[in-house]
Amino acid sequence: MDGEGQAVGAARERVVGLTSDADVDPAPATSSEHFVMLLRRVRDQSGLSYRTIARRARVHGHVLPPSTLGTTLSRGTLPRREVVIALLTACEVPVDRQETWLAQWCRLAGTQTVPPRLLANGAGLVEGAAAWPVADVAPARAVPVPRQLPAGPALFAGRARELGCLTELMDRHGAATAVVTGAGGVGKTWLALRWAHDNLDRFPDGQLHIGLRGFDPAGPPMPPLAAVHTFLQTLGVPPAAIPDGLDAQVGLYRTLVAGKRMLIVLDNARDADQVRPLLPGSAGCAVIITSRHQLTGLVATDSAHPVALDLLTPTDAHQLLARRLGEHRLAAEPAATAGIVSRCARLPLALALVAARAATHPHRSLAALADELRDGSHRLDALTGDSTTDIRTVLSWSYHALTADAARLFRLLGLHPGPDISAPAAASLAAMPTRRARRLLTELSDAHLATEHLPGRYTFHDLLRAYAAEQAHTHDTREQRHAATGRVLDHYLHTANTARLLLGPHRDPTTLAPPAPDVTPEPLASHSEALDWFTREHPTLVAAIHTAAEAGFETHTWRLADLLGPFFNRRGHWHDWHSTTHAALHAARRLHDHRAQANAHCWLAELYAWIGRHDDTDTHLDHARQLYDRLADTAGLAYVHLCRGWVHQPQHRYHDALHDAQQALHLYTTAGHAHGQANALNNIGWYHAQLGDYQQAITHCRQALTRQQQLGNRSWEARTWDSLGYAHHHLTQYQQATTCYEHALTLLRDLHNRYYEAKVLNRLGDTHHAAGNPHTAHKTWRHAWSILHQLDHPDAPTVHTKLTRHPEPSASPPTNGRGADADPPADRRAWLRSHDGEPFRR
C-alpha cells in the first residue's frame, strides 16, 4: 500500500471509530464560525492533507484547489454547499451524517430545503466519490440510468445529409449542442429521435428527453423551472430535497450530469431563454434541441450548432410513402404518386397523413387521393388527423405565436400571386414602409413560416400558402383582401412601367393612374437594373397578370401584359407572351377599350411572326388595323403597315412588303413619331436588300442607324446593324459584313436578346463560310443552334442543317438536332409549330 492509501485507511478508521456524535455532527452550531470550526475538526481527525482532499473532491467537474480548502476553513465564513459536500465525502463521513451536516448548513444559509443525500453507489453530488468505499454505511437507493427517449419514428426516409451533420458534429466535438430548426411538420423531432436511437451506444449514462411545449395549443410553453425540476427527479433527487429557485436547481442539475456521457433532447423549444438553463455546464453531455424558431441567440452565445431542416427531396418523399404503402402500390399509379408528393409540398407530416389514409383504405386508388389534394382551397381538408397531426392545427401553433402585424402580413402573403416576393412588394401588399416589412418578414422567417430562399426574396410551400390564404379569408374582410391585391398589382404595374422605359422605347410611353396610397414601386435607375428586375420577377409577373384577370382588375391585366411584351420578346418566353397577351385581349374586350384591344392584337401579331405563324399574324393585324382606323390613330396604323412585312416575307412578296414599309414611314412622319420613322427606314432598307438592291439598302439603313443612335434605341440599332451586315455580305464585302454583325451582337448581348442574337450568329456564320473560314463558321452556327434549341424555336432545324452539310473536321454535329442540351419544356412544344421558310425577325 502506498503512502496515500495508508493515509486514507487511517482516516477511515478514525472517522468510523468515533464514539461521539459531536465528532462528526455539527449540531448545535450557533454561527457560521462555529460551523467552520467543526468542519476543521473533521478534517483534523481525518489526518488528510488539503492536497489529498482536493485530489479526491471535485466541484462541478473541476478539481477543488488545496488553497481554496485552506482559505475556506481559515476565514470562518460559511463555505459553499459544494465545498462542504466535497470535504465531508473526501473525509469519508458516513452519508446519513452528511445529511445532518447539510441540514445545519441550510439553516445557517437561510435555505429551507435540504440538498439530496449522497448516494453510496456514486450517484451523488461529488464526482468520483464512489471510488472511495464507505464500508460502514448502508448502501443508499440506486438510481436507474435514465432512458427517456420516445420510440423512434416508424416512417422515416432520407435526411442522410442532416443525420451525417449531427454525427460529424458529435465526432468532432465529443459532445455538442445542436439546434434542429424547421417549419411545423417538417420532421424535426423525427430527425432527432432517429439519430438518437441510432447512436445510443455513445451515451452509456443515459438519455434525458422533455417536450417543452414551445408551440402547443394545449397550454403555454413549459417554464424552465418545471423542466429542470423534472430532470432532477429523473436523476434521482427526491422531491423534498430539490432546492428552491431556478438558479439553485440549475446548479444542482449541472452538478449531477457533470462528467457523464448523456444525451439530452429538448423538443419543441420556444426560444433560447427556455432552453438555456437546461444546457449542461460541462463537457460530456450532448444536447439536441428542436424548434420552429432559429434560436440564433444559442448559436451566438452558447456555441450551439444550427441544423436547418427543409422539405424532403422528391426521391425521399417517394421513399417515405413506399415504406408505408409498399413500392408495388406506388408503381401501379406513378402519376398519382407524383401528384401526391407535389401537392403535399414534400412535407413529411402531410405525406404521413396521406399514407395513413391510403393504408386504411387499401382499395381506394391513389389517384382519388391525389384529386382531393388538387384544389388549393380544400387541400387542407384532406390532411386532417388528431390534435397533434392535423395540418391546420400544426401550422396554427406557429401562426398564433406571431405578433399581430406579422400574422397579418402572413395572411396577406397567402393572397400574393407569385411563387416568391420581395420586401418592397410585401410592403405594398400590406400598406407599410419597406423597413417595417423587412422586420416582419424576418420574424416569419425565424418562425419558419417563410423562407428567404434568395437574398431579399421570400417564399413558402404550397400548404403554408393554402393555410395563409384560409386565414386571410377568415380574419380579413373581402374589401381588405381586394385592396391588398390591388396594392400589390399597382406595385408591379408601376415598377414594370419604369423598367420597360429603361429597356428602351418600343412604342409610345404608357400613361398610368397614380398608385394606391401606401404603394411604393421599386426605384430602378438603369437598363441593367430594369432587366434584372424583369428577370427576377418574371414568374410572379405572369402570375400577377392571370390573378388580375381572375380578380376583376381588367386594367392591370392588359397594361401589365402590354409592358411585359418587350421582355418576353428579348428572352424568347413565347409561351408566357402568348398566354398573358391573350389575357390582356380578353380584359380589354371586357372593358370595351378599343386601344387596349388594338395593342393586344399587335403584340399577338408580332409574337406569331417571330415563331412563324403568319396566318395568325395576318388575322391579328387586320383586327388591329380596324381598331386603329376607328380611333383615327395614325401611329397605330403606321405600326400595322410596318408589321405587314411579317406576312409578305414568307411568301417572298418583297415589293408588297416594301410598299407597306414606305406607307409606315409616311404615316409615322405625319404623326411626328421619330422612333417609328427610324424603324421604318430600317425596314425599307431590308426589303431593298431582299430585292437585290443592296446599295439602296445600305443608304436607307445608314439613315436609320443615325436616327436610332440619336434616339438611344439600342434594340432597333442592333437590328439596323444586322440589316447592314446582310447587305454588305451580298456585295461580297465580308469584312464590312462581319464588322456590322459584331456591332449588332455587342448590343444584343448587352440587351440579353437571345433570339435575335441567334439570328445574327446564323448570318455571321454564313459570312465566315463565304469568306473561306469553315472552322469559324461552324463554331458560330453551333452557337446559334444552341440558343435556338434552348428556346425550342422552329428555326433550330434550319441551322442544324447547315451544321450537317458543313461539318467541322474535328467534331460532329449534334444528333437529331438535340446534342447534349436538355429538351425544352413540353408546354412550349405543344403550341410552337414548325413552319416553312424563315420568319421575319423585326
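Note that the coordinates shown come from a computational prediction; the quantities given were computed from them, not determined experimentally.

Caption draft 1: Quick peek at the sheet that holds strand β10 (residues 457-459). Taking strand neighbours across the sheet as the criterion, the 3 strands line up as β8-β10-β9 in an open arrangement whose pairing is antiparallel. The sheet is open, and its two edges are formed by β8 (421-422) and β9 (451-454), each paired on a single side. Alignment of β8 against β10, held across 2 bridges, turns out to be antiparallel. Bridge pairing in β10 links I421 to Y458.

Caption draft 2: Geometry of the sheet that holds strand β3 (residues 177-181). Taken together, the 5 strands give an open sheet; going across it, the order is β4-β5-β6-β3-β7, and neighbouring strands pair in parallel fashion. Edge positions in the sheet fall to β4 (207-211) and β7 (305-308), since each of these pairs with one other strand and no more. Along the sheet, successive strands turn relative to each other by an average axial angle of 15°, direction set aside. In the sheet, strand β5 (residues 263-269) pairs with strand β6 (residues 286-291) via 5 bridges, with the strands oriented parallel.

Caption draft 3: Region of interest: the pairing of β3. Burial analysis of β3 places 5 of its 5 residues in the buried class, the great majority of the element. Burial of β3 is two-sided: the residues T177, V179 and T181 facing one way and the residues A178 and V180 facing the other way are all buried. In terms of strand pairing, β3 meets β6 through 5 bridges, oriented parallel. By the bridge assignment, T177 is partnered in β6 with V287.

Caption draft 4: Looking closely at the nonpolar core. Residues I340, F410 and L444 are the most contacted members of the largest nonpolar core, which totals 171 residues. By residue number, the principal contributor to this core is helix α25 (residues 527-551), which donates 9 residues. With residues up to four places along the chain from it excluded, the contact list for I340 reads L321, L351, V354, L366, L369, A370 and L373. Of all hydrophobic cores here, the second largest spans 32 residues; its members include M222, A227, V228 and V257.

Caption draft 5: Spatial organisation of helix α29 (residues 614-631). Taking 1.5 Å as the rise per residue, α29 with 18 residues should run 26 Å; its terminal C-alpha atoms sit 25 Å apart, in good agreement. All buried positions along α29 are accounted for by H614, T617, H620, L621, A624, L627 and Y628. The buried residues of α29 occupy an angular sector of 140° when projected down its axis, which confines them to one face. Residues of α29 that are exposed and point more than 90 degrees away from the buried face comprise D615, D629 and R630.

Caption draft 6: Summary view of the packing of helix α35 (residues 734-751) against helix α36 (residues 754-770). As a packed pair, α35 and α36 sit with axes 10 Å apart at the nearest point and diverge in direction by 160°. It follows from the interaxial angle that α35 and α36 lie roughly antiparallel. Between α35 and α36 lies a crossing whose hand is left-handed. Where α35 approaches α36, its residues Y734, A737, T738, Y741, E742, A744, L745, L748 and R749 are matched on the opposing element by Y756, E757, V760, L761, R763, L764, T767, H768 and A770. By residue class, the composition of the contact of α35 with α36 is 11 nonpolar, 3 polar and 4 charged.

Caption draft 7: The pattern of salt bridges, seen in detail. Overall, the coordinates contain 24 salt bridges when judged by the stated rule. Across the pair R161 and E162 runs a salt bridge whose closest N-O atoms are separated by 3.0 Å. We classify R161 as exposed; its relative accessible area is 60%. Where E372 meets R357, a salt bridge forms, and the shortest distance between an N and an O atom there is 3.0 Å. Pair noted here: E372 is in helix α18 (residues 366-372) and R357 is in helix α17 (residues 348-360), with a separation of 15 residues, a long-range link. Given the relative accessible area of 24%, E372 is considered partly exposed. Salt bridges sharing common partners tie together D273, R276 and D302.

Caption draft 8: A look at helix α30 (residues 634-648). Across its 15 residues, α30 extends 22 Å between first and last C-alpha, which sits within 8% of the 21 Å expected from 1.5 Å per residue. Counting buried positions along α30 gives 13 out of 15 residues, so the element sits mostly inside the fold. Near the N-terminus of α30, the side chain that reaches the backbone nitrogen of A635, with its oxygen 3.3 Å away, is that of D633.

Caption draft 9: Structural view of the confidence of the model for the chain. Confidence in the prediction for the chain averages 83 pLDDT; 83% of positions are at 70 or higher. Per-residue pLDDT stays below 50 along residues 1-23; that stretch engages in 32 contacts with residues further than four places along the chain or on separate chains.

Caption draft 10: Focus on the packing of aromatic side chains. A complete count under the given rule lists 12 aromatic pairs for this structure. Ring geometry for W577 and W603: centres 5.7 Å apart, planes at 70°, overall edge-to-face. Pair noted here: W577 is in helix α27 (residues 574-591) and W603 is in helix α28 (residues 594-610), with a separation of 26 residues, a long-range link. Accessibility classification places W577 together with W603 in one group, the buried group. Through a chain of ring-to-ring contacts, three or more aromatic side chains come together here, namely Y399, F410, F460 and Y467. Against the face of F215 rests R270, its NZ or CZ located 5.1 Å from the ring centre. Looking at R719, its charged tip hangs above the ring of W716, at a distance of 4.6 Å from the centre.

Criteria and cut-off values
Residues numbered from 1 in each chain as written. Predicted model: local features only at pLDDT ≥ 70, side-chain atom pairs only at ≥ 80, totals over all residues. Heavy atoms only, no water. Pairing = 2+ DSSP bridges. Helix = DSSP H or I, 4+ residues; strand = E, 2+ residues; numbered from the N terminus. Axes fitted to C-alpha atoms, helices over the stretch in contact; angles between N-to-C directions. Buried < 20%, exposed > 50% of the residue type's maximum accessible area, 1.4 Å probe, protein only. Core = buried A, V, L, I, M, F, W, Y, C linked by side-chain atoms within 4.5 Å. Contact = heavy atoms within 4.5 Å. Expected span 1.5 Å × (residues − 1). Arc of directions from axis to C-beta. Parallel < 35°, antiparallel > 145°, perpendicular 65-115°, else oblique. Left-handed = near helix turned anticlockwise from the far one by under 90°. Nonpolar A, V, L, I, M, F, W, Y, C, P; charged D, E, K, R; others polar. Salt bridge = Lys/Arg side-chain N within 4 Å of Asp/Glu carboxyl O. Polar contact = N/O pair within 3.5 Å; in protein donor to acceptor, adjacent residues only side chain to side chain. pLDDT = per-residue confidence, 0-100. Phe/Tyr/Trp six-rings, centres within 6.5 Å; stacked < 30°, edge-to-face > 60°. Lys NZ or Arg CZ within 6 Å of the ring centre and 35° of its normal.

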